[in-house]
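What follows is each chain in one-letter form.
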Amino acid sequence: TAQTQANTATTNAATAQTAIDNMEKQVKLTNSALEVWKLDGSNDPEYKLAKFGTTTTFWDGDEDEDANRKLQLEAAGITLYGADTTDYLSITSGDISMRTAGVRGVHIIDNKINLGPIADASATLGAVIGNIHLASTGAYIYGDDATTFAALTSAGLEFTQAGVKKAIFGATTAIGSDAAVTTSSTNSVIRLDSTGVKIFEQSGSRLEAVSDGMHLYAGGTKMAEFGSTVYVGDQSNDHIVVDTSGL
């Protein structure tokens, strides 16, 4: 009947109006932002789910406190949160940082990366205890001190302990002990290059394994030579010679 149709129309209109009213409560448009709200059991706004504005924020659906943020976007960059706001990834101009429990473990800046506790890629050569640093100059691995590290660069692989370079592996390899080594070291070092192997106690006392045999020096004087011919003693003074002819 006409009355039934009128009643139905009235009911549908009321339902539609309620939906519109609820939408107006769920979506609020101000002069600075658009807010999306969750409604409570009485269809009243309870807390925000998202806010779009100069700073855009998405919450976790439980509350709209700072601790409930999951994603925040602004002109300066983007911040993505994990289980809580101490675990997050931030992307800003020329900088990507990842933190767990508030401590940065990954830091990426222009052409440089640090991985490890309290990561800081902007530190000189990424020198941070327990970090791996990757840069255009090479790769660096730091130990229990920022002065103890391995460096892989154009010079080769170098090991430094407490600020003292202990070994170099490259075109010339040098392995030292107490003294800092270079590719031309002659004190307390084993040196390998294109000419052979040399073991130095000090500059004048050394053992050389070269193309014609093994040479032993003491105080700068060759005291023995082992090759196709064997010499024992200073060859400019009394010495022993052993060759195919005998002693």
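The structure under discussion appears in the preceding block.
Our subject in this report is the structure included herewith. (Residues numbered from 1 in each chain as written. Predicted model: local features only at pLDDT ≥ 70, side-chain atom pairs only at ≥ 80, totals over all residues. Heavy atoms only, no water.)

## Quick notes on the overall build of the chain
- Helix and strand counts for the chain stand at one helix and 23 strands.
- Put simply, the chain has 247 residues, and 27% of those count as buried.
- Of the contacts formed within the chain by residues at least 6 apart in sequence, a portion of 1% connects residues at least 24 apart.
- Counting every atom, the chain has about 14,600 Å² of accessible surface; 57% of that belongs to carbon and sulfur. (Helix = DSSP H or I, 4+ residues; strand = E, 2+ residues; numbered from the N terminus. Buried < 20%, exposed > 50% of the residue type's maximum accessible area, 1.4 Å probe, protein only. Contact = heavy atoms within 4.5 Å. Areas by Shrake-Rupley, 256 points an atom, 1.4 Å probe, with all protein chains shown as cover.)

## Focus on the pattern of salt bridges
- For the structure shown, the criterion picks out four salt bridges.
- Between Asp64 and Lys48 there is a salt bridge; the shortest N-O distance is 3.4 Å. With Asp64 in the loop between β4 (56–59) and β5 (69–74) and Lys48 in strand β3 (residues 45–53), this pair connects stretches of sequence that are 16 residues apart.
- In this structure Asp64 comes out as buried when scored by relative accessible area, which is 18%.
- A salt bridge links Asp193 to Lys198; its shortest N-O distance comes to 3.5 Å. (Salt bridge = Lys/Arg side-chain N within 4 Å of Asp/Glu carboxyl O.)

## Topic: a nonpolar patch on the surface
- Taken together, the side chains of Phe159, Phe169, Ile175, Ile190, Leu192 and Ile199 define a hydrophobic patch exposed on the protein surface, amounting to about 440 Å² of accessible area.
- Mapped onto the elements, Ile199 comes out in strand β18 (residues 196–202).
- In this structure Ile199 comes out as partly exposed when scored by relative accessible area, which is 38%. (Patch = residues over 30% accessible without salt bridge, like charges linked within 9 Å, V, L, I, M, F, W, Y side chains within 5 Å.)

## What about the environment of Leu80?
- Looking at where Leu80 falls in the secondary structure, it is placed in strand β6 (residues 77–81).
- As for Leu80 and Arg69, which are separated by 11 residues in sequence, their C-alpha atoms are 8.6 Å apart.
- Residues within four places of Leu80 in sequence aside, it is in contact with Lys70, Leu71, Asp87, Tyr88 and Leu89.

## So, the environment of Ala83
- Inspection of the secondary structure puts Ala83 in the loop between β6 and β7 (88–92).
- Of the residues examined, Ala83 reaches a relative accessible area of 74% and is grouped as exposed.

## So, the packing of aromatic side chains
- Taken as a whole and judged by the stated rule, the model has four aromatic pairs.
- The side chain of Lys28 reaches across the aromatic face of Trp37, ending 4.5 Å from its centre. (Phe/Tyr/Trp six-rings, centres within 6.5 Å; stacked < 30°, edge-to-face > 60°. Lys NZ or Arg CZ within 6 Å of the ring centre and 35° of its normal.)

## As for unusual backbone geometry
- Positive phi outside glycine occurs at Ala101, with the angle close to 50°.
- Inspection of the secondary structure puts Ala101 in the loop between β8 (95–100) and β9 (103–109).
- Even without being a glycine, Ser188 presents a positive backbone phi close to 50°.
- Within the element layout of this structure, Ser188 appears in the loop between β16 (173–176) and β17 (189–193).

## Side note on the nonpolar core
- Core analysis: the biggest nonpolar cluster contains five residues, these being Ile168, Ala174, Val181, Val189 and Phe200.
- Contacts of Ala174, omitting those with residues within four sequence positions, involve Lys166, Ala167, Ile168, Val181, Thr182, Val189, Ile190 and Arg191. (Core = buried A, V, L, I, M, F, W, Y, C linked by side-chain atoms within 4.5 Å.)

## Observations concerning the pairing of β8
- Residues Asp95, Ser97 and Arg99 of β8 are buried on one face, while the alternating residues Ile96, Met98 and Thr100, pointing to the opposite face, are not.
- Summarising the sheet, β7 and β8 pair through five bridges and their orientation is antiparallel. Opposite Ile91, over in β8, you have Ile96 as the bridge partner.
- The hairpin turn running from β7 into β8, its antiparallel successor, is two residues long, and Gly94 in that turn takes a positive phi close to 65°.
- In this structure, β8 lies alongside β9, joined through six bridges in antiparallel fashion. Looking across to β9, one finds that Ser97 is bridged to His107.
- Where β8 folds back onto β9 in an antiparallel hairpin, the turn is made up of two residues, including Ala101, whose phi is positive at roughly 50°. (Pairing = 2+ DSSP bridges.)

## Notes on the pairing of β6
- Of the two faces of β6, the one lined by Gly77, Thr79 and Tyr81 is fully buried and the one lined by Ile78 and Leu80 carries no buried residue.
- Bridge analysis of β5 against β6 gives four bridges, and the strand direction is antiparallel. Bridging across to β6, Glu74 finds its partner in Gly77.
- Connecting the antiparallel pair β5 and β6 is a turn made up of two residues.
- Here β6 folds back onto β7 in antiparallel fashion, the turn holding six residues.

## Considerations on the side chain of Thr160
- For Thr160, the location among the structural elements is in strand β14 (residues 156–161).
- Apart from the residues lying within four places of it in its own chain, the contact partners of Thr160 are Thr147, Thr148, Phe149, Lys165 and Lys166.

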